[in-house]
Amino acid sequence: MAPRLQLEKAAWRWAETVRPEEVSQEHIETAYRIWLEPCIRGVCRRNCKGNPNCLVGIGEHIWLGEIDENSFHNIDDPNCERRKKNSFVGLTNLGATCYVNTFLQVWFLNLELRQALYLCPSTCSDYMMGDGIQEEKDYEPQTICEHLQYLFALLQNSNRRYIDPSGFVKALGLDTGQQQDAQEFSKLFMSLLEDTLSKQKNPDVRNIVQQQFCGEYAYVTVCNQCGRESKLLSKFYELELNIQGHKQLTDCISEFLKEEKLEGDNRYFCENCQSKQNATRKIRLLSLPCTLNLQLMRFVFDRQTGHKKKLNTYIGFSEILDMEPYVEHKGGSYVYELSAVLIHRGVSAYSGHYIAHVKDPQSGEWYKFNDEDIEKMEGKKLQLGIEEDLAEPSKSQTRKPKCGKGTHCSRNAYMLVYRLQTQEKTTTTVQVPAFLQELVDRDNCKFEEWCIEMAEMRKQSVDKGKAKHEEVKELYQRLPAGAEPYEFVSLEWLQKWLDESTPTKPIDNHACLCSHDKLHPDKISIMKRISEYAADIFYSRYGGGPRLTVKALCKECVVERCRVLRLKSQLNEDYKTVNNLLKATVKGSDGFWVGKSSLRSWRQLALEQLDEQDGDVDQSNGKMNGNTLNKGSAKSLCVRARGRQRRIPTRAILGASFIKPERGLGSSHEELRLITC
């Protein structure tokens with residue numbers, strides 16, 4: 001038997017020998033378990049809900065002893081949101097915008113692009129008023145250029161550890177909950193930016209996209225018959241390289257420029273020959289940009305499934321890339337240095353996470369940009385090892401090839417950014433224009449105000465926590481009542497009083513009252529007996545009620561429970577008596593006809609009636625009409641003999657105190673009605 005049931009049984013054992021009219025104060029206190037031994041901390045592992053004197057395991061352990069101040073609040077240190085010295089600023093992931101954040105960081109660290117954007121005229125000048133900025137409303141960029149200007153200014157001089165790019169994302173009309181094709185986004189945005197900047201008067205601004213990212217190649221077709229060359233010039237902003245079947249970046253570039261034969265049905269119509277002829281076609285690189293974007297085509301269409309898939313194959317690439325062997329015009333400077341690696345974590349083309357490893361052009365140090373978090377790589381070295389361990393293993397997974405000094409291998413890199421190598425190290429510092437710096441300063445002021453507000457809230461929480469700590473240490477020792485005057489308080493309220501995460505509310509004991517507005521004896525398992533001293537402090541500080549003192553012990557409810565328990569005990573005796581009498585043989589016409597199922601269930605029906613009567617007391621706080629049941633609340637105890645019947649002796653019915661016979665209505669049979677006496 002569970003301890004709680006044992007305590008329940010022990011609290012009412014006296015009812016077996018005491019009649020309801022003989023119930024005394026001692027019996028009442030026993031029923032309310034007033035004098036049960038209190039539990040001792042360290043011996044009792046958890047709270048005994050059947051013992052109102054057990055005050056162990058109600059949440060006191062977190063308050064006793066020394067406590068760390070940080071446990072008094074759930075407010076993070078606002079300084080954790082502050083930008084670290086000599087570090088970059090992160091970008092908030094708005095749901096599925098990590099791919100946008102990676103490109104923004106790569107573009108921000110392109111100093112020429114940043115400088116050109118700062119030179120763009122802005123409507124921010126209209127926002128300025130006098131010597132400062134309008135205080136009535138926040139600045140809202142109107143164009144893509146203005147959004148980039150403001151974002152770059154914040155990334156450069158903000159005091160925050162990370163900033164929110166929601167204005168920029170909203171201006172592009174992107175769905176923050178859906179991950180887009182990163183490579184397609186890069187193309188479309190560059191096209192949009194170029195179109196937007198083409199309207200600028202300043203040539204350094206108008207031509208910045210072409211100067212930084214635009215190269216030119218030609219589709220060259222040569223007729224095998226006459227040798228005539230046909231050229232189709234085309235600009236490019238990135239080279240899309242197939243990686244299937246290749247292990248090295250240089251192999252991918254070679255395939256991109258590989259000569260293709262046009263034969264059979266695919267023959268070329270030669271303008272000179274005026275007929276279809278066999279021919280060759282290839283791409284010739286005519287000029288290369290300062291920033292060379294190489295798109296590794298990891299996401300390809302799978303004809304079998306009809307969906308895109310990711311190619312998780314390793315591609316090796318070097319930190320120094322000499323493009324001179326691949327260009328048509330020799331003699332120029334075509335040595336490039338790796339400046340960024342964009343990574344897609346995950347094995348699926350439709351999900352995953354984007355991060356970027358970007359090299360600071362001024363310090364030469366590598367940083368990993370992962371939304372809000374930015375990590376500086378040690379020793380000015382690109383480190384991709386941990387990124388390659390994050391992809392889920394597949395059956396066709398190959399071992400990572402060994403990489404020599406200055407080379408790297410990746411199965412997750414989808415874009416490589418190379419910068420044209422120059423003899424002089426970049427030392428130029430891009431200055432934020434005054435009008436943008438004022439906006440940044442204003443945002444920094446808001447951030448500092450927020451930090452002060454959070455620090456004050458944190459301090460207040462700590463002060464409240466310390467006061468609560470002292471209160472608990474003082475009152476918990478005075479909670480046990482012993483032989484002194486006592487009161488009852490709900491266990492739930494005490495637990496909430498000791499819960500540091502929720503504010504303490506007024507005491508509410510109404511749910512524990514009986515129909516006589518006293519403490520219901522059945523609720524003693526969820527109540528705790530505490531000293532009057534502790535109760536006085538609780539009610540003075542937190543209020544509430546009603547107060548449940550020794551006068552709240554309900555004699556009427558105890559007497560009623562005693563009567564019910566005795567009736568149940570008597571029912572068991574009657575059951576034995578009836579069973580013994582049923583063994584006698586019925587002679588003559590004496591006796592009653594009773595259905596066999598009724599004989600089997602009469603005791604169960606009587607018990608259900610008593611339980612329902614007792615249950616109605618709980619559901620309505622003990623409110624009943626005298627000793628009768630509420631109409632419709634109890635099952636009918638009328639059992640009519642139907643089907644197979646049995647004739648039993650009259651004395652078998654008259655010998656039981658719980659049942660009495662009543663004549664059936666116009667029937668030759670008899671009816672048994674089981675009722676409480």
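Residues numbered from 1 in each chain as written. Predicted model: local features only at pLDDT ≥ 70, side-chain atom pairs only at ≥ 80, totals over all residues. Heavy atoms only, no water.

Where an unreviewed UniProt entry is consulted, the chain appears under the name Ubiquitin carboxyl-terminal hydrolase 48, with the organism given as Ursus americanus. Its UniProt record, at the heading Catalytic activity (unreviewed entry), says of the chain: "Thiol-dependent hydrolysis of ester, thioester, amide, peptide and isopeptide bonds formed by the C-terminal Gly of ubiquitin (a 76-residue protein attached to proteins as an intracellular targeting signal)." For the record of the chain, the UniProt heading Subunit (unreviewed entry) holds the text "Interacts with TRAF2 and RELA. Interacts with GPS1." (UniProt positions renumbered as here; feature names shortened; annotations may be inferred.)

For the chain, mean pLDDT is 82; residues scoring 70 or higher make up 83% of the total. pLDDT under 50 marks residues 619-644. Its contacts with residues more than four places away, or in other chains, come to 46 contacts. For the stretch residues 653-677, pLDDT sits under 50, and the model shows 61 contacts to residues farther than four places along the chain or on other chains. (pLDDT = per-residue confidence, 0-100. Contact = heavy atoms within 4.5 Å.)

This part takes up the pairing of strand β23 (residues 486-490). Counted residue by residue, β23 has five buried out of five residues, so it is predominantly covered. As judged from the five bridges shared by β23 and strand β25 (residues 527-531), these two strands associate in the antiparallel manner. What sits directly across from Phe488, in β25, is Arg529. (Buried < 20%, exposed > 50% of the residue type's maximum accessible area, 1.4 Å probe, protein only. Helix = DSSP H or I, 4+ residues; strand = E, 2+ residues; numbered from the N terminus. Pairing = 2+ DSSP bridges.)

Take the pairing of strand β14 (residues 307-310) next. Sheet topology places strand β13 (residues 299-302) next to β14; four bridges connect them, and they run antiparallel. Counterpart to Asp302 in the pairing with β14 is His307.

The tally for this structure, following the rule as stated, stands at 22 aromatic pairs. Arranged with centres 5.6 Å apart and planes meeting at 75 degrees, the rings of Phe168 and Phe189 form a pair that is edge-to-face. With a gap of 21 residues between them, Phe168 in helix α7 (residues 166-172) and Phe189 in helix α8 (residues 182-197) connect regions that are remote in the sequence. Look at Phe189 and you get buried, because its relative accessible area is 3%. Their ring planes at 80 degrees and their centres at 5.3 Å tell us that Tyr354 and Tyr414 sit as a pair that is edge-to-face. (Phe/Tyr/Trp six-rings, centres within 6.5 Å; stacked < 30°, edge-to-face > 60°.)

Here we come to the side chain of Gln183. One can find Gln183 in helix α8. In this structure the side chain of Gln183 is engaged in a polar contact, spanning 3.3 Å, whose partner is the backbone oxygen of Tyr414. (Polar contact = N/O pair within 3.5 Å; in protein donor to acceptor, adjacent residues only side chain to side chain.)

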